[in-house]
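Here is how the chains run, residue by residue.
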Amino acid sequence: MSDAPRRRLPRGLAGAVSVTALLALYVWQIAGRGVSMIGTGEPVLIAIGLAVLVIPLLVIVLIAREYRLATRVQHMADVLAAADELPVDDLPRSPGGRVDRAAADAAFEERRAAVEQDPDDWKAWYHLAFAYDAAGDRRRARETLRKASSMFRPGATS
């Protein structure tokens, strides 16, 4: 038996797979309707059927993109964890659990300055993404994670 620790599955994986399976059923139904419309031979229905078939293709592309991002972010987190450089959520919170805005802004400025100092460092971008998240800006956090992911090279030392 190996002494290596067992790798746990990511916390949200079961939910993501379940939602994806339900979405796959929905996409299957939509695609079936599109094919049925095309099969009528009516020009208008053929056009609508072709348009309806674009929806499943778009959904598949978007889901694949999100799974790819999630996989890369997890890989980046593994690299940072091994180097003991994962972002730590130690910001003060209200009794209701909200992050103190002034503390989040200060942490954000620190992370933004690190990115400005070294804009080619994926780790700085990764940390900035979590600062955006703490500040409540989920859209920018996701964009910044995408930027970090595009810069990340598995196996590279920095």
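Each remark here, short or long, concerns the structure printed above.
Residues numbered from 1 in each chain as written. Predicted model: local features only at pLDDT ≥ 70, side-chain atom pairs only at ≥ 80, totals over all residues. Heavy atoms only, no water.

### Observations regarding the packing of aromatic side chains
Where we set the bar: Pairing of aromatic rings covers Phe, Tyr and Trp, the last through its six-membered ring, and needs centres within 6.5 Å; plane angles under 30 degrees mean stacked, over 60 mean edge-to-face, and all others mean tilted. Helix and strand definitions here come from DSSP, where helices need a minimum of 4 consecutive H or I residues and strands a minimum of 2 consecutive E residues; each element is numbered from the N-terminal end. The buried label goes to any residue with under 20% of its type's maximum accessible area, the exposed label to any with over 50%, and the partly exposed label to all in between, with areas taken from a 1.4 Å probe on protein chains only.
As enumerated under the stated definition, the model contains four aromatic pairs in all. Between Trp122 and Phe152, the aromatic rings sit 4.7 Å apart at their centres with planes inclined by 75°, giving edge-to-face as the arrangement. Placement of the pair is Trp122 in helix H4 (residues 122-134) and Phe152 in the segment after helix H5 (138-151), with a sequence separation of 30 residues. The buried category is assigned to Phe152, whose relative accessible area is 2%. Judged by centre distance (4.9 Å) and plane angle (40°), the rings of Tyr126 and Phe130 are tilted. Taken together, the residues Tyr126 and Phe130, both in helix H4 and four residues apart, mark about one turn of the helix. Classification of Tyr126 as buried rests on a relative accessible area of 3%.

### Details of the packing of helix H1 (residues 13-39) against helix H2 (residues 43-82)
The following threshold applies: Only the contacting stretch of a helix is used when fitting its axis, a line to C-alpha atoms as for every element, and angles between N-to-C directions run 0 to 180 degrees. Small angles under 35 degrees read as roughly parallel and large ones over 145 as roughly antiparallel, with 65 to 115 read as roughly perpendicular and the rest as oblique. Each crossing gets its handedness from the near helix: less than a right angle anticlockwise from the far helix is left-handed, clockwise is right-handed. Here a residue-residue contact requires only that any non-hydrogen atoms of the pair lie within 4.5 Å. Ten residues, namely Ala, Val, Leu, Ile, Met, Phe, Trp, Tyr, Cys and Pro, are considered nonpolar, four, namely Asp, Glu, Lys and Arg, are considered charged, and the remaining ones, Gly among them, are considered polar.
Packing of H1 against H2 leaves a shortest axis separation of 7 Å and a crossing angle of 160°. Classified by the angle their axes make, H1 and H2 are roughly antiparallel. When you trace H1 past H2, the crossing you get is left-handed. Of the residues in H2, those touching H1 at Ala16, Val17, Thr20, Leu23, Val27, Ile30, Ala31, Gly34, Val35, Met37 and Ile38 are Leu45, Ile46, Ile48, Gly49, Leu50, Val52, Leu53, Ile55, Pro56, Val59, Ile63 and Tyr67. For the contact of H1 with H2, the class distribution of residues is 20 nonpolar, three polar and no charged.

### Comments concerning a nonpolar patch on the surface
In plain terms, the rule: Within this analysis, patches are made of residues with over 30% relative accessible area and no salt bridge. Like charges are joined at 9 Å or less; nonpolar side chains (Val, Leu, Ile, Met, Phe, Trp, Tyr) at 5 Å or less. Computed with the Shrake-Rupley method and a 1.4 Å probe, the accessible areas treat only the protein chains shown as cover for residues. For salt bridges, the criterion is a side-chain nitrogen of Lys or Arg within 4 Å of an Asp or Glu carboxyl oxygen.
A cluster of nonpolar side chains, contributed by Leu13, Val17 and Tyr67, occupies part of the molecular surface with about 210 Å² of accessible area. Residue Val17 is classed as partly exposed on the basis of its relative accessible area of 43%.

On their own, these measurements won't tell you what the molecule is for.
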